[in-house]
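For reference, the chains in residue letters:
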Amino acid sequence: MNKLVVAAAAAGISFESVHSAPLPEASADDVGVSQQRLAKLDEFFAREIASERVPGAVVAIARDGKLIYYKAYGQLDPPKGTSMRLDAIFALASMTKPMVAVAGLSLTEQGRLPLRAKLTDYYPQFANMKVAVPQPDGSLEFEAQSSPIYIHDLYRHTSGLTYGAPNSDQVARLYPDFAAPPIKGDKEAFIEGITKLPLAHQPGTEFEYGFSTDVLGAVVEQVSGQRLGDYLADNLWKPIGMLDATFHLSTSQRERLARPFSNDPLTGKPQSIELLGSPTRFDCGGAGAFATVGDYVRFGQMLLNGGELDGQRVLGPKTVHHMISNHLGPEIKNKVGNVEPHRAGFGFGLGVAVRISDGLSAVPGNPGEFTWTGAYGTQFFCDPKERLIVVVGTAAPGEIRKYYREQVQNIVYAAIIR
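Just so it is clear, the structure is predicted and the values come from calculations on it, not from any experiment.

Turning our attention to the packing of aromatic side chains. With the rule as written, the count across this model stands at 23 aromatic pairs. Seen from their ring centres, Tyr163 and Phe211 are 4.8 Å apart, and the 80° between their planes marks the pair as edge-to-face. In this pair, Tyr163 is assigned in the loop between α5 (151-156) and α6 (180-184) and Phe211 in the loop between α7 (187-194) and α8 (212-224), connecting sequence segments 48 residues apart. Of the two residues, Tyr163 and Phe211, both sit in the buried class.

Take a look at the structure:
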């Protein structure tokens with residue numbers, strides 16, 4: 001045995017997994033991707049899993065609508081020692097957001113949710129939020145909103161809403177952690193609590209990553225008259241065959257949940273994914289969904305196809321083009337690169353980051369690439385120029401997840417030879 005095979009065996013990697021493919025399959029070489037170079041992914045995960053830096057992963061890659069790579073690595077549940085499986089279910093965290101954006105845009109296509117509608121048309125409480133202005137002495141002063149929060153601001157994170165971060169500025173410290181609201185209260189409690197906090201910026205002036213999409217999900221419920229998960233099931237998940245996508249796991253689905261190491265491999269400190277064991281009390285549009293990698297590769301392919309998959313149209317092509325275009329104009333401070341270290345050169349569209357220039361980023365790609373990631377270790381990116389989609393599922397909630405995202409993108413682009 002060579003060293004890679006030995007490492008793979010030790011890591012529990014299956015190179016020839018039995019599976020039901022989420023898309024039609026093809027050889028990588030037949031669609032211009034070197035199978036030999038793509039095998040570097042196997043080597044990468046063999047090393048990392050054998051070194052106990054990540055418990056396991058599922059990776060799916062499609063080009064030209066054909067699945068060219070679909071593998072499971074390592075462990076599904078480290079304490080139990082169970083092997084990773086292709087139908088593993090991952091807590092998507094912020095990869096919930098692009099799906100909620102699609103839900104909102106479907107209402108826009110029906111003439112029911114204009115982008116320039118005021119948020120107060122749906123939740124009047126947001127009119128009372130003041131804007132916090134940090135002072136040199138560490139105190140905060142408060143001023144009125146100079147412009148209302150528009151629905152557009154919720155999609156592109158320019159509402160002024162932020163996330164709680166204990167080591168951040170004075171305003172962020174007032175906000176809850178991203179996963180806290182759906183566990184600790186219902187939707188009404190979330191809206192009531194967040195509208196009592198100050199905005200971090202004047203609406204429409206800065207990209208500030210935070211609870212905007214959670215609020216957008218609440219607006220979708222208000223307009224549609226349905227629970228968010230029910231609306232997504234009827235208008236996205238079921239039509240395109242995202243069979244396991246949900247906000248609320250069944251007992252059998254819980255048996256397929258990917259779980260993290262009990263300790264962060266970088267710091268040695270205890271870590272967990274709270275949503276895995278704590279039932280949520282509302283369908284949290286910013287962070288609460290679950291799905292398989294196969295489900296999400298179908299979602300990405302639908303977007304690459306201009307809103308359609310297998311004869312089922314979710315959005316019109318022009319709506320998808322609008323979604324994956326940059327919506328941060330020169331008047332808006334672009335801080336997308338602050339969210340993730342390899343996002344230099346990106347703007348933000350309607351629910352997804354969008355690459356707007358060559359160079360600058362730490363990873364290769366083309367202008368027009370759209371992407372987002374999840375705090376528990378998931379990743380997806382689509383490159384329309386390369387007709388490419390990549391989805392990665394891991395249960396790695398620590399900082400190491402950002403390392404995996406960069407390495408996977410480097411290896412995939414290195415394998416594209418025509």
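Moving on from the model shown.
Attention now moves to α8. Compared with an ideal rise of 1.5 Å per residue, which puts 13 residues at 18 Å, α8 spans 18 Å between its outermost C-alpha atoms and is within 8% of the ideal. Counting buried positions along α8 yields 12 of 13 residues, so the element is predominantly enclosed. Buried within α8 are the following residues: Ser212, Thr213, Asp214, Val215, Leu216, Gly217, Ala218, Val219, Val220, Glu221, Val223 and Ser224. Looking at the buried residues of α8, the elements they touch are α4 (97-109), α5, α7 and α9 (228-237).

The next thing to look at is the environment of Asp186. Inspection of the secondary structure assignment puts Asp186 in the loop between α6 and α7. Residue Asp186 is classed as partly exposed on the basis of its relative accessible area of 29%. Not counting chain neighbours up to four residues away, the residues in contact with Asp186 comprise Arg281 and Phe282.

On to the environment of Gly368, then. Considering the arrangement of structural elements, one finds Gly368 in the loop between β11 (353-355) and β12 (370-373). Separated by 13 residues in sequence, Gly368 and Arg355 have C-alpha atoms that sit 5.4 Å apart. Sequence-distant contacts of Gly368, that is, excluding residues within four places in its chain, are made with Arg355, Cys382 and Pro384.

Here Arg37 shows up in helix α2 (residues 35-38). It is 52 Å that separates the C-alpha atoms of Arg37 and Phe126, two residues lying 89 residues apart in sequence.

Turning our eyes to something else, we now look at the sheet that holds strand β10 (residues 346-348). Strand order in this open sheet of 8 strands is β3-β2-β1-β14-β13-β12-β11-β10, and the pairing throughout is antiparallel. The open sheet terminates on both sides in strands that have one partner only, identified here as β3 (82-83) and β10. Strand direction decides the pairing type here: β11 and β12, joined by 2 bridges, are antiparallel. What sits directly across from Ala353, in β12, is Thr371. Sitting on the sheet, helix α11 (residues 293-304) touches β1 (56-63), β2 (66-77), β12, β13 (379-383) and β14 (388-394), and the angle it makes with β14 is about 155°.

The next subject is the confidence of the model for the chain. On average, the chain scores 94 in pLDDT, and the residues at 70 or more come to 95%. Counting interchain partners and residues more than four positions distant, the pLDDT-below-50 stretch residues 1-18 has 28 contacts.

Phi at Ala93 is positive, roughly 50°, even though this residue is not glycine. A residue is classified by how much of its surface remains accessible, and Ala93, at 0% relative accessible area, is buried.

What counts as what
- Residues numbered from 1 in each chain as written.
- Predicted model: local features only at pLDDT ≥ 70, side-chain atom pairs only at ≥ 80, totals over all residues.
- Heavy atoms only, no water.
- Phe/Tyr/Trp six-rings, centres within 6.5 Å; stacked < 30°, edge-to-face > 60°.
- Helix = DSSP H or I, 4+ residues; strand = E, 2+ residues; numbered from the N terminus.
- Buried < 20%, exposed > 50% of the residue type's maximum accessible area, 1.4 Å probe, protein only.
- Expected span 1.5 Å × (residues − 1).
- Contact = heavy atoms within 4.5 Å.
- Pairing = 2+ DSSP bridges.
- Axes fitted to C-alpha atoms, helices over the stretch in contact; angles between N-to-C directions.
- pLDDT = per-residue confidence, 0-100.

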